[in-house]
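# Structural overview for review
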Amino acid sequence: MITWTVVMALSLADIGWLAGSWEVSSGARCIEEHWTAPSSNLLVGMSRTVEGGRTTSFEFVRIESRVDGIYYVAQPGGRSPVDFKLASDVASELVFVNPGHADHLRRIVYRHQADDGLMARIEGEDSGRPFAVEYPYRRSPAAASAGRIPCSR
């Protein structure tokens, strides 16, 4: 007897848990990431790193649905976009890959954690050496209602 397994493709609605504001802090350094709620074809996001009250880096990002799949499109520092295609089929762990990327970054992973946390991970090679960096984000407190600016103390 032959058994067939049907894998359903994810839609952007399946990853709506990503919407909102996220933060991770270490010492005087804070990274914040903000995502809009998904439309049928797009989530829009941004990230910035703040150290000593000054923005030291930023990135414009989007996750978009295309005919051939879902893509994470990164624009670090506002530079030209770089595409990473979704390679996972589980909404709670998004794995985006770009093995042919000329830069050092090869994989971006977003993992939704049970305690409403978000573990982001980047993987790649730097001068031929593999590397991985994890970012243990937590949902930001309700910044607008608290009159609080994210990444401010």
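Up top is the structure.
Residues numbered from 1 in each chain as written. Predicted model: local features only at pLDDT ≥ 70, side-chain atom pairs only at ≥ 80, totals over all residues. Heavy atoms only, no water.

Summing up its helical and strand segments, the chain has one helix and ten strands in all. Going from the N terminus to the C terminus, the chain shows its helices and strands as β-β-β-β-β-β-β-β-β-β-α. Residues classed as buried in the chain amount to 35% of the 153 residues present. Here the analysis covers contacts within the chain between residues at least 6 apart in sequence; of these, 31% occur between residues at least 24 apart. (Helix = DSSP H or I, 4+ residues; strand = E, 2+ residues; numbered from the N terminus. Buried < 20%, exposed > 50% of the residue type's maximum accessible area, 1.4 Å probe, protein only. Contact = heavy atoms within 4.5 Å.)

Below, the discussion takes up the pairing of strand β4 (residues 54-66). For strand β3 (residues 42-51) and β4, the ladder comprises ten bridges, and the chain directions are antiparallel. Looking at β4, one finds that Leu-43 is bridged to Ile-63. Between β3 and β4, which follow one another and run antiparallel, lie two residues, and Gly-52 among them has a positive phi close to 60°. Alignment of β4 against strand β5 (residues 69-76), held across eight bridges, turns out to be antiparallel. Counterpart to Arg-62 in the pairing with β5 is Val-73. (Pairing = 2+ DSSP bridges.)

On to the nonpolar core, then. Formed by 26 residues in total, the largest nonpolar core has its most connected members in Leu-18, Trp-35, Ile-63, Tyr-72, Leu-94, Phe-96 and Tyr-110. Broken down by secondary-structure element, the contributors of at least two residues to this core are β1 (20-26), β2 (29-35), β4, β5, β6 (82-86), β7 (93-97), β8 (105-112) and β9 (117-126). (Core = buried A, V, L, I, M, F, W, Y, C linked by side-chain atoms within 4.5 Å.)

Once that is clear, we can look at the packing of aromatic side chains. Inspection of the entire model under this criterion finds seven aromatic pairs. Ring plane angle 55° and centroid distance 6.3 Å describe the contact between Trp-35 and Tyr-72, whose orientation is recorded as tilted. A residue pair is termed long-range when its members are at least 10 positions apart, and Trp-35 in strand β2 and Tyr-72 in strand β5 qualify at 37 residues. Note on accessibility: Trp-35 and Tyr-72 belong to one class, buried. With 5.4 Å between their ring centres and 45° between their planes, Tyr-72 and Phe-96 make a pair best called tilted. One end of the pair, Tyr-72, is in strand β5; the other, Phe-96, is in strand β7, with 24 residues separating them in the sequence. (Phe/Tyr/Trp six-rings, centres within 6.5 Å; stacked < 30°, edge-to-face > 60°.)

It is worth spelling out the pairing of β1 at this point. Note: β1 against β2, seven bridges, orientation antiparallel. Bridge assignment links Ser-26 to a residue of β2, and that residue is Arg-29. Hairpin connection of β1 to β2: two residues between the antiparallel strands, including Gly-27 at a positive phi of 60°. Across two bridges, β1 lies against strand β10 (residues 129-139) in antiparallel orientation. Among the inter-strand pairings, Trp-22 is bridged to a residue of β10, identified as Arg-139.

Here the structure, examined in full by the defined rule, presents ten salt bridges. Its salt-bridge partner being Glu-123, residue Arg-121 comes within 2.6 Å of it at the nearest N-O pair. Here Arg-121 falls in the partly exposed class, since its relative accessible area comes to 25%. The structure contains a network of salt bridges with shared partners spanning Arg-62, Glu-64, Arg-66 and Asp-83. (Salt bridge = Lys/Arg side-chain N within 4 Å of Asp/Glu carboxyl O.)

All right, on to the sheet that holds β1 then. An order of β1-β2-β3-β4-β5-β6-β7-β8-β9-β10 is seen for the ten strands of this closed barrel, with the pairing classed as antiparallel. For this sheet, the mean angle separating the axes of adjacent strands, direction not counted, is 25°. The pairing of β5 with β6 spans four bridges and is antiparallel. Its bridge partner being in β6, Tyr-71 is matched across the sheet by Lys-85. (Axes fitted to C-alpha atoms, helices over the stretch in contact; angles between N-to-C directions.)

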